[in-house]
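Topology and contacts: notes
Here is how the chains run, residue by residue.
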Amino acid sequence: MPALNVEFSDRELEDLRQIAKERGTSMKALVREAAAADIARHRALQEGAEAFRRFFAAHADEFAAAFPDDEPAAHGERRAV
């Protein structure tokens, strides 16, 4: 399995040791779990953003009708402020 060397400050390393000890796990498992959780969070945010973009595109006319002041001005037109 590929590996990654990560550097921590003395304080961070001590905090990791303490947290791992409290959780009854290894430091390696603790760091891997944190990275995996962040990867999962990042993927979920990307998927949510894509779902929003699809929803917005599918309902663009409804949004335009509901929020006409937020629509960009047509080419050559000036919007009232």
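See the structure printed just above.
Residues numbered from 1 in each chain as written. Predicted model: local features only at pLDDT ≥ 70, side-chain atom pairs only at ≥ 80, totals over all residues. Heavy atoms only, no water.

So, on to the layout of surface pockets. Approximately 470 Å³ is the volume found for the largest pocket. In terms of lining, the largest pocket is formed by 13 residues, of which the most central are Ala3, Leu4, Lys28, Val31 and Arg32. Grouping the amino acids of the lining of the largest pocket by side-chain chemistry returns 10 nonpolar, 1 polar and 2 charged. (1 Å grid on protein atoms, 1.4 Å probe; cavity = no way out; pocket = protein on both sides within 12 Å on 5 of 7 lines; lining within 4 Å. Points joined across faces, edges and corners; volume = space filled by probe spheres on them. Nonpolar A, V, L, I, M, F, W, Y, C, P; charged D, E, K, R; others polar.)

With that settled, consider the environment of arginine 54. Relative to the helices and strands, arginine 54 is located in helix 2 (residues 27–58). Along the sequence, arginine 54 and alanine 64 sit 10 residues apart, while their C-alpha atoms lie 15 Å from each other. (Helix = DSSP H or I, 4+ residues; strand = E, 2+ residues; numbered from the N terminus.)

In this fold, phenylalanine 67 is placed in the segment after helix 3 (60–66). Each C-alpha atom of the pair phenylalanine 67 and asparagine 5 lies 51 Å from the other, and the pair is 62 residues apart in sequence.

On to the pattern of salt bridges. Close approach of charged atoms lets side chains of opposite charge pair. Taken as a whole and judged by the stated rule, the model has 5 salt bridges. Between glutamate 50 and arginine 53 there is a salt bridge whose closest N-O contact spans 3.3 Å. In this pair, glutamate 50 and arginine 53 both sit in helix 2, 3 residues apart, roughly one turn of the helix. Judged by relative accessible area, glutamate 50 falls into the partly exposed class, the value being 33%. Judged by relative accessible area, arginine 53 falls into the partly exposed class, the value being 48%. For glutamate 50, the salt bridge identified is with arginine 54, shortest N-O distance 3.7 Å. Note that glutamate 50 and arginine 54 are positioned in helix 2 at a spacing of 4 residues, about one turn of the helix. (Salt bridge = Lys/Arg side-chain N within 4 Å of Asp/Glu carboxyl O. Buried < 20%, exposed > 50% of the residue type's maximum accessible area, 1.4 Å probe, protein only.)

Taken together, Asp61, Glu62, Asp69, Asp70 and Glu71 make up a surface patch of like negative charges. Its place among the elements puts aspartate 69 in the segment after helix 3. Classification of aspartate 69 by relative accessible area gives exposed; the value is 62%. (Patch = residues over 30% accessible without salt bridge, like charges linked within 9 Å, V, L, I, M, F, W, Y side chains within 5 Å. Areas by Shrake-Rupley, 256 points an atom, 1.4 Å probe, with all protein chains shown as cover. Lys, Arg positive; Asp, Glu negative; His and termini not counted. Charge placed at Lys NZ, Arg CZ, Asp CG, Glu CD.)

The analysis is restricted to geometry; functional conclusions fall outside its scope.
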